[in-house]
Amino acid sequence: MKGLYTALMCSFDEKGNVNEKGLREIVRHNIDVQQMDGLYVNGSTGENFLISLAQKKQIFDIVKNEAGDDVKLIAQVGALNLDEAVELAKYATDLGYNAISAVTPFYYKFDFEEIKDYYNTILNSVDNDLIIYSIPALTGVNMNLEQFGELFENDKVIGVKFTAPDFFLLERIRHAYPEKLIFSGFDEMLLSASVLNVDGAIGSTFNVNGQRARQIFELAQEGRIDEARDVQKATNDLIAGILDNGLYPTIKEMLKYKGVDAGFCRKPMKSLSEEGIKRAQEIADKHL
Ligand code: HMN
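Here the structure is a predicted model, which is why all the values come from computation and not from measurement.

Asker: So what exactly am I meant to see when it comes to the overall build of the chain here?
Answerer: Along the backbone of the chain there are 12 helices and 8 strands. In terms of overall size, the chain behaves like a compact globule, its C-alpha atoms giving a radius of gyration of 18 Å where 288 residues would be expected to give roughly 19 Å. Its C-alpha atoms give the chain principal-axis dimensions of about 50 × 45 × 35 Å. Carbon and sulfur atoms make up 48% of the accessible area of the chain, which amounts to about 12600 Å² in all.

Asker: Honestly, a negative patch on the surface in this entry has me stumped. Any pointers?
Answerer: Together, Asp-111, Glu-113, Glu-114 and Asp-117 give the surface a local cluster of negative charge. Positionally, Asp-117 belongs in helix α4 (residues 112-125).

Asker: In this structure, what is going on with unusual backbone geometry? I would like to understand it.
Answerer: Apart from glycine, the bulk of residues carry a negative phi angle, and the bulk of peptide bonds sit in the trans form. Residue Pro-268 is bonded to the preceding Lys-267 through a cis peptide linkage, with omega at 5°. For Pro-268, the location among the structural elements is in the loop between α11 (247-257) and α12 (274-287). The phi angle at Asn-197 is positive, at roughly 65°, despite the residue not being glycine. Looking at the secondary structure, you find Asn-197 in the loop between α8 (190-194) and β8 (200-203). For Asn-197, a relative accessible area of 52% puts it in the exposed group.

Asker: Can you walk me through the site of the ligand in this structure?
Answerer: Near the ligand, the surroundings consist of 20 residues, among which Lys-161, Gly-185, Glu-188, Ser-204 and Tyr-248 are the closest. Side-chain polar atom of Lys-161 to an oxygen atom of the ligand: 2.6 Å apart, as the coordinates give it. Glu-188 is positioned with one of its side-chain polar atoms (N or O) 2.5 Å from an oxygen atom of the ligand. Look at the ligand: alone it shows 490 Å² of surface, and the protein chains cover 95% of it. When atom positions are compared with the pocket grids, the ligand is found to occupy the largest pocket. Counting only elements with at least two residues in the shell around the ligand, the list comes to β8 and α11. Taken together, the residues of the shell around the ligand sort by class into 10 nonpolar, 7 polar and 3 charged.

Criteria and cut-off values
- Residues numbered from 1 in each chain as written.
- Predicted model: local features only at pLDDT ≥ 70, side-chain atom pairs only at ≥ 80, totals over all residues.
- Heavy atoms only, no water.
- Helix = DSSP H or I, 4+ residues; strand = E, 2+ residues; numbered from the N terminus.
- Rg over C-alpha atoms; globule rule 2.2 N^0.38 Å.
- Areas by Shrake-Rupley, 256 points an atom, 1.4 Å probe, with all protein chains shown as cover.
- Patch = residues over 30% accessible without salt bridge, like charges linked within 9 Å, V, L, I, M, F, W, Y side chains within 5 Å.
- Salt bridge = Lys/Arg side-chain N within 4 Å of Asp/Glu carboxyl O.
- Lys, Arg positive; Asp, Glu negative; His and termini not counted.
- Charge placed at Lys NZ, Arg CZ, Asp CG, Glu CD.
- Buried < 20%, exposed > 50% of the residue type's maximum accessible area, 1.4 Å probe, protein only.
- Near = heavy atom within 4 Å.
- Polar contact = N/O pair within 3.5 Å; in protein donor to acceptor, adjacent residues only side chain to side chain.
- 1 Å grid on protein atoms, 1.4 Å probe; cavity = no way out; pocket = protein on both sides within 12 Å on 5 of 7 lines; lining within 4 Å.
- Sits in = over half its atoms within 2 Å of the grid points.
- Nonpolar A, V, L, I, M, F, W, Y, C, P; charged D, E, K, R; others polar.

Right, dumping it as structure tokens:
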């Protein structure tokens, strides 16, 4: 399961329905053009927390049908409604997804026992491996080294998607659990994570910048840090522009600019104004 995974975007039409043709094009683009090792489906980038249970299943279906066995597939199934998370975990496992992943439960301030129970409940319902999705800036859930260790005691928990700028904690996890998989989550910090020997990365900007992500990751593995730093710099010029213009709508606009029907974002996320669209195209021209 090591390697580089796109945090897959989903194409929606203006009414918020899944645009199947567009989603298939995004899948193909990530496999054929960005040359990713895998796809992380229904994560934050897939606007997972804005869509219905039926749409989540529909997206799992379409992506598996389009990707087949070309690349590894990870299904993000985490949800505040634990019954829904379990249902999705079973659904994706039956479809043949290589692993599931679940965001730490958020909104309510769950204590660690509750978080552990959430993961065990999901895992006890399926015969599949799980990757913890840790993103404290969005969930407010900060787990320490010991707590990761407790979750890792379950052999079916094979790793973590670590989306945090805490490189002290990242190094401690790497050192303490060499057999677990660590995926870096912040694309703008990929080099820093790579020198700490993460096993791969999962990123939203890989939808358009996957080839540079691979260069950063592989150059770092080869110890060619000066060259990796140059590619990270070019990447961060791009990411700074994307973040400034609106993360997901800008990536979608860049995909459309490259001929991939990435559609619209789901409300309440807004789509770009005419000016924003122009800006997205300028950033693509300059930095892609
Ligand atoms: C996902 O769940 O869709 C991604 O794995 C999330 C991924 O870590 C991205 N984080 C967010 O979008 C919150 C990053 O790729 C991020 O978009 C990028 O580093 C720009 O900040």
